[in-house]
Amino acid sequence: VYNREHTLLNGQWEALVDLYSRGTKMGVYQNKTAQSDTEFYEYKFVDGFGLTVPRDWNSQREELRYYESSVWYKKDFSYTLQSGKRLFLYFGAVNYRAEVYLNGVKIGSHEGGFTPFQFEITDKIKSGNNFLIVHVNNQRSAASIPALEYDWWNYGGITRDVLLIETPDYYIDNYKIQLAKGSLTDISVKINLSEKKAGIPVMVEIPELKIKKTVSTNSEGQVSFSVKTGRVPSLQCWYPETPKLYDVKIATPYETLSDNIGFRSVSVEKAQILLNGKPVFLRGVNCHEEIPTRQGRSYSEADALQLLNEVKALNCNYVRFTHYPVDEKLIRLAEKMGLMIWEEIPLWQDIDFANKKTFALAQKMLAEIMHRDQNRCGIVLWSVANETPISVERNEFLSSLIQQVRATDNTRLVTMATDKFWYDEASGQVVTNDSLCQQLDVVSINRYFGWYTPWKTQSTNMKWKIFTDKPLIYDEFGGESLYGVHGDENRASSWSEDYQARIYADHIAMFANIPNLCGTSPWVLFDFKSPYRMNLRFQQEWNRKGLLSENGERKKAWFVMKDYYDKKKNEKLITK
Ligand code: GCB
């Protein structure tokens, strides 16, 4: 959407805090003012008393820090839509529920705090002044995704950009331009126009590759073809070290769009992950979409840069964005900076897996994010869940999502994070009972030895033979420390940098025992806000597992991990 003709509706919006969510009953969306002597309204938006969009409300006003309920947002804007044009209202994300009203009339609603949504408003926009009202509610519920409890802050509000997008009457509805599966030279192009009309010429051009091809739509309004890239100039695949993006143009007689698209292939061969056909080790880190110093959601380009600079400083070639889809700005910047990306929907731990509505919601979230990021070559892994408890319902639910990923996108890998494995003292082996992993391309495991799970033996004695026919990512490990605290490296309750660093050293020593290890991502880049963390001496509502403190100071464990990645980077990977 950012490459289309658009107007940002960001900035100051008026806002009403509605603790009991009475506003719908009261008709707040109509924004009425008294017209007669007997009339009155018990709500009124006032200019100057508002909230900034995009941004969570918690970090904007002290009294909203713990707020979990409704806020009504209002924006006045003036617009004149030329005849023959169509207009869409697009939200990057609203956490968690949104009901949208234009000029007093409901135009739609959306559930899910981290994915984009849009409504066509061509017939609803007035020439001149308009008012937009959004009812946002971030109350947690058992049937939601995520559900009632999760280890991060429930930042509410219109947290990402709001755009008005103007298109011609007959517009490019979708384009997917990526390397064809299994090829390092052929680019597959799939384009849909907004209506089912045959014979409309669609041109695709990649000037740097001297590619220019025009194909007419079929009766479905689609074009689908693949182009061979020539030898001169030859296609330069996207690599973390050389994250090449090409300028791509798509044109119909009615509009021209352009995007920066990179081309790479990611696949699995036996127990290895291959990037452009070559084995790759994912040197990653887990990253929440939070700016710790502000205690708020990241929302701007500058925020994205701040987070990703720290990912790069650790010598990473990969980032796991946890536990929800992040802003498109972060994804685009990560790709530009040469980071492979794990993207995940927030099916975190206890989800109502037996609930059909929850399942439909998960399907929709997955579809929304896979659609938004279909052209982002940086994304190599789609994750369907994190640490969910095993049950028949969970297995059916997640298995369907795994199939959905495969049916939508066969050019990336599917995974999920599981913590259902443990060390068996009798056999000296690490074992698992999570059979769902058989369905994945990549098995990803989370286990906090030395923190939640005390070591039962020296880390180097532990034998690993888990799904040895598949690549394995050690996806979460670590422990807590408060920056600046030094103490006993053998005592968890010292909360010391020394104890945390020891956990890292022990894990790194153990990694040599995992034959199918293809990547690691410590938990977590920065200390982050979490209601789970009530130790007032060391935590004060901060999860202290950061390699960096909330102020960006490097803890001892950061240096241990950096040293590991420096060595890993120079290691030659041989095709097994
Ligand atoms: C986990 C979760 C992550 C938590 C982390 C912790 O296993 O996946 O969301 O924040 O542990 O710190 O407990």
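Reading the values: rules and limits
Residues numbered from 1 in each chain as written. Predicted model: local features only at pLDDT ≥ 70, side-chain atom pairs only at ≥ 80, totals over all residues. Heavy atoms only, no water. Near = heavy atom within 4 Å. Polar contact = N/O pair within 3.5 Å; in protein donor to acceptor, adjacent residues only side chain to side chain. Nonpolar A, V, L, I, M, F, W, Y, C, P; charged D, E, K, R; others polar. Buried < 20%, exposed > 50% of the residue type's maximum accessible area, 1.4 Å probe, protein only. Helix = DSSP H or I, 4+ residues; strand = E, 2+ residues; numbered from the N terminus. Pairing = 2+ DSSP bridges. Core = buried A, V, L, I, M, F, W, Y, C linked by side-chain atoms within 4.5 Å. Contact = heavy atoms within 4.5 Å. Salt bridge = Lys/Arg side-chain N within 4 Å of Asp/Glu carboxyl O. Axes fitted to C-alpha atoms, helices over the stretch in contact; angles between N-to-C directions.

Chemist: How do you make sense of the site of the ligand when you look at a structure like this?
Modeler: Contacts to the ligand come from 14 residues, most closely from D151, H323, E387, Y452 and K545. One of the side-chain N or O atoms of N543 is found 2.8 Å from an oxygen atom in the ligand. Looking at the shell around the ligand residue by residue, the classes come out as five nonpolar, four polar and five charged.

Chemist: How should the pairing of strand β12 (residues 162-168) be read in this particular structure?
Modeler: The side chains of a regular strand alternate, residue by residue, between the two faces of the sheet. Counting buried residues in β12 gives seven out of seven residues, a clear majority hidden from the surface. Summarising the sheet, strand β1 (residues 5-8) and β12 pair through four bridges and their orientation is antiparallel. From the neighbouring strand, E5 faces β12, where its bridge partner is E166. In this structure, strand β5 (residues 85-91) lies alongside β12, joined through seven bridges in antiparallel fashion. Residue pairing across strands places K85 opposite P168, the latter belonging to β12.

Chemist: I keep staring at the nonpolar core and nothing clicks. Help me out?
Modeler: Soluble, globular proteins show a tendency: their nonpolar side chains are buried together. Counting residues in hydrophobic clusters, the biggest one holds 91 residues, and the most contacted among them are F321, L347, V384, L398, W464 and Y474. Residues contacting V384, with those up to four places away along its chain left out, are I345, L347, L366, L398, L401, I402, V405, V414, T415 and M416. If you look at the next biggest cluster of nonpolar residues, it comprises 30 residues, including V71, F77, V94 and V162.

Chemist: When you look at the pairing of β5 in this model, what are you seeing that I'm missing?
Modeler: Along β5, six of the seven residues are buried, which leaves the element largely enclosed by surrounding structure. Bridge analysis of β5 against strand β9 (residues 117-120) gives four bridges, and the strand direction is antiparallel. Across the sheet, Y90 pairs through a bridge with Q118, a residue of β9.

Chemist: I'm lost on the pattern of salt bridges in this one. Help?
Modeler: Pairs can form between side chains of opposite charge once their charged atoms are near each other. With the rule as written, the count across this model stands at 43 salt bridges. Close ionic contact of K545 with E480 constitutes a salt bridge, the shortest N to O distance being 2.9 Å. Of the two residues, K545 is situated in the loop between β38 (542-543) and α7 (556-570) and E480 in the loop between β35 (472-476) and α6 (497-511); the sequence distance between them amounts to 65 residues. With relative accessibility at 1%, the residue E480 sits in the buried group. Overlapping salt bridges, with partners in common, bring together D259, E328, R332, E335 and R376 in one network.

Chemist: Help me understand the sheet that holds strand β16 (residues 211-216), please; the structure alone is not making it clear to me.
Modeler: By definition, the strands of a sheet pair up through backbone hydrogen bonds, in either a parallel or an antiparallel sense. Pairing is antiparallel across the open sheet formed by four strands, whose spatial order is β16-β15-β18-β19. Each edge of the open sheet carries a strand with a single partner, namely β16 and β19 (256-261). Strand-to-strand twist in this sheet, taken as the mean axis angle between neighbours without regard to direction, amounts to 15 degrees. Direction of pairing for strand β18 (residues 246-251) relative to β19: antiparallel, over a ladder of six bridges. Following the sheet pairing, V248 is matched in β19 by D259.

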